[in-house]
8 protein chains.
Amino acid sequence: MNKEQLVKLLEDVKKGGVEVDAAVKQIASLPFADIGFARVDKHRHIRCGFPEVIFCQGKAVDHVVEIFRELASTGHNVLATRASEEMFAAIERTGEFPAARYEPLGRTITLKQQTESEPLGRITVITAGTADIPVAMEAVTTAEILGQNVELICDVGVAGLHRLLDKVELLQSSNVVIAIAGMEGALASVVGGLVSCPVIAVPTSVGYGTSFGGVTALLAMLNSCSSGVSVVNIDNGFSAAYNASIINSMIEEKN
Amino acid sequence: MNKEQLVKLLEDVKKGGVEVDAAVKQIASLPFADIGFARVDKHRHIRCGFPEVIFCQGKAVDHVVEIFRELASTGHNVLATRASEEMFAAIERTGEFPAARYEPLGRTITLKQQTESEPLGRITVITAGTADIPVAMEAVTTAEILGQNVELICDVGVAGLHRLLDKVELLQSSNVVIAIAGMEGALASVVGGLVSCPVIAVPTSVGYGTSFGGVTALLAMLNSCSSGVSVVNIDNGFSAAYNASIINSMIEEKN
Amino acid sequence: MNKEQLVKLLEDVKKGGVEVDAAVKQIASLPFADIGFARVDKHRHIRCGFPEVIFCQGKAVDHVVEIFRELASTGHNVLATRASEEMFAAIERTGEFPAARYEPLGRTITLKQQTESEPLGRITVITAGTADIPVAMEAVTTAEILGQNVELICDVGVAGLHRLLDKVELLQSSNVVIAIAGMEGALASVVGGLVSCPVIAVPTSVGYGTSFGGVTALLAMLNSCSSGVSVVNIDNGFSAAYNASIINSMIEEKN
Amino acid sequence: MNKEQLVKLLEDVKKGGVEVDAAVKQIASLPFADIGFARVDKHRHIRCGFPEVIFCQGKAVDHVVEIFRELASTGHNVLATRASEEMFAAIERTGEFPAARYEPLGRTITLKQQTESEPLGRITVITAGTADIPVAMEAVTTAEILGQNVELICDVGVAGLHRLLDKVELLQSSNVVIAIAGMEGALASVVGGLVSCPVIAVPTSVGYGTSFGGVTALLAMLNSCSSGVSVVNIDNGFSAAYNASIINSMIEEKN
Amino acid sequence: MNKEQLVKLLEDVKKGGVEVDAAVKQIASLPFADIGFARVDKHRHIRCGFPEVIFCQGKAVDHVVEIFRELASTGHNVLATRASEEMFAAIERTGEFPAARYEPLGRTITLKQQTESEPLGRITVITAGTADIPVAMEAVTTAEILGQNVELICDVGVAGLHRLLDKVELLQSSNVVIAIAGMEGALASVVGGLVSCPVIAVPTSVGYGTSFGGVTALLAMLNSCSSGVSVVNIDNGFSAAYNASIINSMIEEKN
Amino acid sequence: MNKEQLVKLLEDVKKGGVEVDAAVKQIASLPFADIGFARVDKHRHIRCGFPEVIFCQGKAVDHVVEIFRELASTGHNVLATRASEEMFAAIERTGEFPAARYEPLGRTITLKQQTESEPLGRITVITAGTADIPVAMEAVTTAEILGQNVELICDVGVAGLHRLLDKVELLQSSNVVIAIAGMEGALASVVGGLVSCPVIAVPTSVGYGTSFGGVTALLAMLNSCSSGVSVVNIDNGFSAAYNASIINSMIEEKN
Amino acid sequence: MNKEQLVKLLEDVKKGGVEVDAAVKQIASLPFADIGFARVDKHRHIRCGFPEVIFCQGKAVDHVVEIFRELASTGHNVLATRASEEMFAAIERTGEFPAARYEPLGRTITLKQQTESEPLGRITVITAGTADIPVAMEAVTTAEILGQNVELICDVGVAGLHRLLDKVELLQSSNVVIAIAGMEGALASVVGGLVSCPVIAVPTSVGYGTSFGGVTALLAMLNSCSSGVSVVNIDNGFSAAYNASIINSMIEEKN
Amino acid sequence: MNKEQLVKLLEDVKKGGVEVDAAVKQIASLPFADIGFARVDKHRHIRCGFPEVIFCQGKAVDHVVEIFRELASTGHNVLATRASEEMFAAIERTGEFPAARYEPLGRTITLKQQTESEPLGRITVITAGTADIPVAMEAVTTAEILGQNVELICDVGVAGLHRLLDKVELLQSSNVVIAIAGMEGALASVVGGLVSCPVIAVPTSVGYGTSFGGVTALLAMLNSCSSGVSVVNIDNGFSAAYNASIINSMIEEKN
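Residues numbered from 1 in each chain as written. Chains lettered and ligands numbered in written order. Predicted model: local features only at pLDDT ≥ 70, side-chain atom pairs only at ≥ 80, totals over all residues. Heavy atoms only, no water.

In the annotation of an unreviewed UniProt entry, chain A is listed under the name Phosphoribosylaminoimidazole carboxylase, catalytic subunit and assigned to Limihaloglobus sulfuriphilus.

J.: Sorry, what's going on with the sheet that holds strand S1 (residues 53-55) of chain B here?
T.: Strands in a sheet are paired, the pairing made by backbone hydrogen bonds, and the direction either parallel or antiparallel. Residues and elements named next belong to chain B. In spatial order, the strands read S1-S2-S4-S3; together these four strands make up an open sheet with mixed pairing. Strands at the two margins of the open sheet, each flanked by one partner only, are S1 and strand S3 (100-103). Across this sheet, the average inter-strand angle for adjacent strands is 15°, counted without regard to direction. Two strands pair when backbone bridges link them, and strand S2 (residues 78-81) and strand S4 (residues 108-111) are joined in this way by three bridges, in the antiparallel orientation. (Pairing = 2+ DSSP bridges. Helix = DSSP H or I, 4+ residues; strand = E, 2+ residues; numbered from the N terminus. Axes fitted to C-alpha atoms, helices over the stretch in contact; angles between N-to-C directions.)

J.: How do you make sense of the sheet that holds strand S2 (residues 78-81) of chain H when you look at a structure like this?
T.: All names here are of chain H. Taken together, four strands build an open sheet; the order of strands is S1-S2-S4-S3 and the sheet is mixed. For this open sheet the edge positions go to strand S1 (53-55) and strand S3 (100-103), each flanked by a neighbour on one side alone. Within the sheet, the average angular offset between the axes of one strand and its neighbour, ignoring direction, is 15°. Where S1 meets S2, three bridges bridge the pair, whose relative direction is parallel. Bridged to Val53 within S2 is Leu79. Across the face of the sheet, helix H5 (residues 85-93) comes into contact with S3 and strand S4 (108-111) while running at roughly 165° to S3. (Contact = heavy atoms within 4.5 Å.)

J.: Help me understand the environment of G:Ala217 in this model?
T.: Residues and elements named next belong to chain G. Inspection of the secondary structure puts Ala217 in helix H10 (residues 215-222). Among the residues examined, Ala217 registers a relative accessible area of 0% and is labelled buried. In this structure the C-alpha to C-alpha distance between Ala217 and Lys59, which are 158 residues apart in sequence, comes to 28 Å. (Buried < 20%, exposed > 50% of the residue type's maximum accessible area, 1.4 Å probe, protein only.)

J.: Help me out: how do you make sense of the domain arrangement of chain A in this one?
T.: Reports often express the size of an interface as the amount of accessible area lost when the parts come together. All names here are of chain A. Along its sequence, chain A is organised into domain 1 (31-111) and domain 2 (123-254). Tallying the contact residues gives 15 residues for domain 1 and 12 residues for domain 2. Summed over both partners, the interface of domain 1 with domain 2 buries about 1,200 Å², with 66% contributed by carbon and sulfur atoms. Linking domain 1 to domain 2 there are one salt bridge. Linking Arg82 and Glu138 is a salt bridge whose minimum nitrogen-to-oxygen distance equals 3.4 Å. Applying the counting rule to domain 1 against domain 2 returns three residue pairs in polar contact (both at pLDDT 80 or more). (Domains from an automatic or database assignment. Buried area = accessible area lost by both parts, 1.4 Å probe. Salt bridge = Lys/Arg side-chain N within 4 Å of Asp/Glu carboxyl O. Polar contact = N/O pair within 3.5 Å; in protein donor to acceptor, adjacent residues only side chain to side chain.)

J.: What is the right way to look at unusual backbone geometry in this model?
T.: Both trends apply: most residues other than glycine have a negative phi, and most peptide bonds are in trans. Its identity as a non-glycine residue notwithstanding, B:Arg107 has a phi of 55°, on the positive side. The residue B:Arg107 is located in the loop between S3 and S4 in this model. For B:Arg107, a relative accessible area of 37% corresponds to the partly exposed category. A positive phi angle is found at G:Asp235, which is not glycine, with a value near 65°. Summarising the element assignment, G:Asp235 is placed in the loop between strand S9 (229-231) and helix H11 (237-250). Owing to a relative accessible area of 18%, G:Asp235 belongs among the buried residues under this scheme.

See below:
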């Protein structure tokens, strides 16, 4: 309920078209969102064409199917992350979503129901090693279902610097770079020093011993000596892509 | 040296206008940046009007003065972070930089030498408490010297939710929100759920006991249940503002 | 043995009705509980109608059955937490406890043998997400077997603040709120700022990466900027409900 | 603005006594608290006679004085925690608050301006050692300014168990026990096993080596084998007392 | 080779009874132990009747059998800790050690081949809960095969203090107490305050959440406020019993 | 009050020599220690000639003086650890304890008022480096005031193994060895492999970087591959000496 | 492309032998390695006879086979570490690499295709226990395929110091010593004090409780009181051997 | 005493030239080093011209002077690390060591008394930032006093990659590279990918927030994706230089 609607309601009360009791109920029972907060969600939805994302981990298969169905019914695209093959099989068994797709590496289920807007700018996803690819695939799938133009470059870790330098031009022409690395996570710093666009760093749990399941890469990325780097949680390709998509969507044209 | 310049040089060699020895020297002595990497720096400079930032912590006062002088000589704006009053006094004593300013809360030295471009969009900096203000001031000063339009809102921690909700409209009309909080760092999640623009979260070392100098807030922010949140290092107002400025500069107009 | 009993005993000795040897033995062999400590347990039992709780984790199935039988023989209600389905099956196989029930999400076995006192006040259990429900069910079952009036609200995490705000009235009319959340655990702080009753926060191991099995939520809750929040161990729905039940039982009527 | 006031306003609009524009402004400009959240604060205030607490740590002396003055002007009692002697001296210098008192061990400033309600029940604060007394004093002063009946017992650590056992009767007749201990924090578990009322455990930073500034005591208390124990942040005597006061105020009479 | 033997050897050389070459070889080829270090082992063996212990964890089954055979061949008692049932089955299959026994809770294999010396004094092993019994059984079996007089008391955790107090006399008449506890590990402090003999504390990995696999109990025990407590590694019942056995063997009679 | 005294009292009651009221008062007012627990203290005192130790850290100077005076009045020896020079000066200023001594390295105050029993056996204290000497001095002074025969060997770290091996005979003839080391704490393992008596390991905060204030040495000592090693808290020379003294006192003669 | 080649190219341009376009392409398209970085790889290859190592952990079996084939096609030796038996089986199934070998303890696949240079000097690999052997085997196999002369000594932990001292001469005649140990990792310090060559320490995840998967050994090794010790990641036998091989290859003859 | 000397001594005994008593004393009193271990030290000394290094931190000024004098008396070069200006002043005050020098950044005292051997090869020390220079100076001074040829390159952090790439040739012609970096420590990985010689990485405590005093850089370096990297303790420039010097001394000529 925005200001205009409130004016209208009060005028209706004044005119007698709406009873006081009915108006009280309408105003009092409004979710707070109606007076401001929920506009966020609608705003986001209108702009991004995306209602909500299903984080499947720890959810029962039945619940995932149910939530998937509810979200799909809005007619928007649907994204489910950290989904098991079993969950996708259950969705397939319903026979209701023939267009649903499963990406096994990144473990996402997607259902494309809308023609997204023409992609603007490019998000570049790069990984230090091949073992980081599952996280990269989660990022790529997320960005795509959010209507983004995304490009993936794998295995350009800093131990073989020339392979990364080979891609500098591509990196420099991106609107956002998502840098994905495990072990010592140095990729974020090196890329951060090479580009002028925002770099979103994703530490991965790739490594062993003192990599501590990605903590070392996370700490390294938080301490990056390059200035344009921000960080998301370990293995969180989805969050990086979501952030990148917000940013990319807000940029009409890069100078 | 870009492709065109290289073609030109080689044609000059062919025509005899440039000697082989001179050309060899020119090509061989080129910083690698000239063949790609340093373009980043120039590009950044041209676009942002900003050469480099002096991180003063752990530097000798003399070195800070020297670096400050060198950077100032380029005619660009100068920013020095984590600067002590003693450092600023030394810069003042030189008598060379009458326009230099010290911001004691955020501990920054700035020297404005250029009329920055007309600000586009707005970066909103919010803090959970009053003790977070020093970090906020570092962010504000950084964003301003980078030519941004920035607004600061203090003390809107989630314990008094209505104070935050009062500012929802302002938050929702921002291009980037920088959310600064210590203790349990819940502000980032709550704000992330209220806006559709990117939220850059800055954990602060405010708190005691198990706040562990900001680690608790950092972890909370990395685990935010809201999707559009990325994180920088503890107390790193500069990095948050730098990231926000890159993003804001890349957006011409918000939809 | 209280003071009166001691006076009586000594008078018996004086009168010769009790031999010195017998009196010595009686005084010396008294469990300390008889002189004070064990009264606690009886006191607790009389007031709460509850003898002891079986923490099944790490116990052999046989031992669980045996302890269950012993406790059931007192005629009081019985609660076993962290119980496996196998343990419940073993209890069922005895055929002795047809009224025993298993709650598979919270993994509790309960045996109701007493009509509990009329519930006073209400304990409200709320969770940030659906993955926190198992911990919530342990809390709900515990509170119920302890004779409490308990209400469960799920999935009101702070990322969608309006859903939580919708329940403010319910929260404000509770005697105790148990706030259950994983990830960044911000729910406790937000709820703590909305109610005037005690909030018992339960961090859960829900999350990934730097959630560190619930440590992040725990730290966030310990650092809550809201004043009325105390915390129990990770995933410890039982302890939260036990604490809440003690408090709720001690309140006759809320002002 | 409650339901009755809203009905009244709308009826006034209907009757023409209030213009639509004025009513719109009144409804739209209401802090959300007026429609629900701020009632918490008022409710708390009415019940506890207490508006807000000043956490002085990290605040400028001037700010503390200013906030103190503002809170004192409401006529309610005032509590400032983690206050330095310098802060109290500044408050004294104003000459405005002759009744203000400084408690140097717990570092609190209090200003009693109201006759609190007759105390109900008792909060007992116990410490393991003498070095825990500063934290205990913060708790005691907080409880007292919140109008509670509080008793302090010091130095009853478990190494000399008989000293603790001597106080069992006193502990058992309390409405809430605040157990304060550093080092291994065993006091909370032992007390938790002796009483039937809620125990709020406060780990302190007392100790050395692997006490890790209170983390060991905190962990021990979170893992208490006794059931009725909840925990607050390290050295947070204020929070323990605040929680205890809420609970004690909600209990009219102990059975 | 001690001083006397060296004098003897050199005199033999002088007398010509031993050739220079032979003497050189004898002196040069001596294991350093022969000049001092290895005496330790022999000394230990003579005094304790025990050569070496097989730590089975991480060893191949074949290797365990082989080492077992070699140690058994010395005629001494044999102890293998952290042994799997599979390892014991392999030892049984050899048919060589009909007297070998497997203790499944503590996971030890023992082979008694010697009549140990008459036990002196008593080692008392106590546990906080029933889940600590496996660690206790490792301690008991170790102490017994080392010829000690050992008594086990289970489930005397501090939450039910009277059960522990009931055993005070038994504890006070011990030469060494081994206190085994997980969770908050408070047992060690409480026992340490009740007895005058050395207390060896064994933290166990019993617990969940912030018990961190025994780290909490370990830290609590290291910070014990009682003076006579030393600590061994988590779940290390063997080490505690080994230490206790050394001490007990060195005490002829308790005063 | 022991059994004999209780029998006597009751017989006096029976004979009429003691009134019932007086007897009740005498029995009821006994500290629980008199019925069991405090016997420990007396027992300890009789055997060790030592009442209690003052841990000065965090105590006010006045309190230390007062406790010192009270303990000295018992006529026993007095030990105060972690004492500042200021504390000793205050004790000296009283003029009451001319025999009090301050050991500045280990920061102990001692007052010898009793001729201790003839020393039995020997406690050997060894340190890895010279920086560990303060901790060693705390241990030495503690052992001496407890009437022990103690010998100190410094700077025998494992980097120069021959210096340690030189002392093997001395180590092997000890009843207890206290091994004190910072950095990697390897000394405990090496010594543990050389002697047959108990080794009490004291990690020290000596080191830098990843020594983490003694945590590295602590962990190393807890994981010692030698069997007869137990560990106390970081820098806790007192506790090691107290443990060693208990053990040494219980051994009449070493075999 | 080195300076001479660049001069030559430019002279060809000048002479007209090479077109400007072709020269531009050649210079511009050069991988940076051609102008400097990649020479490293070739240099390394020529000197060590080794192109690249396959880290198999986390890679798909198919990918491992494919990379193996590609590397084998260069004619150089091939090394794959952390390889499963399944991976080796897949390589065998291709029938292309009859000379490939699997070492099951260290989990390496090797393919020897070149006669390595005559070994210079010796790398000695020593382990504290038998459980460290898998890490040692990874080191040994790595060093061998890199053409080194390597010797393995097992089970010389410091608890039985004489066994280590027995090998001093062998250690002292090595060019590099790789010291492998879990638990408290003291071996590195002791060996570091015995030899004058570099010691590369490898902490292993052998141990339990507070060994924390090798962290304790790692910390101990980083804090070694011996000077010539450097450290690699936990269980990283490969890295230690690679470092040792570089060093050994650079030494022609030991003085 | 080596084998030949032992044969000689025994032959002298046989011939009567040496008395048995004297021979016994000579053999028995030999430090174990004389029979093997101490040869290491002599060997090291002969080869490196260096007896021992004084680690001053935590040592008394007097002790430092005394040890300095003793070491200087051998005629060798002397190195004292972590020395305060006060310590150097005390050494100067003795007037005995006019050639002693203090390097204030790296805090070393050196006394050159020997003409070192002609330097072979080169050790290159590089730092990521200017704040790492103190650690670098400790390394440089150490290497120089050990007679090495060392070159220092500062401020080549990976954020400005071209500055590092500019030095590739210099790095590639080194025998050993010492890479010093704080913050995220990425320098070690990048350099490790550019050179074929061993890289010794030194994490520094430079940084703030989650740099955790150098732990982040340490972890990053231990997880380096480049193969030829080993690591020393945080800020330990001395250890890196000592390791590098051993290696460089063992290499006669680089291929």
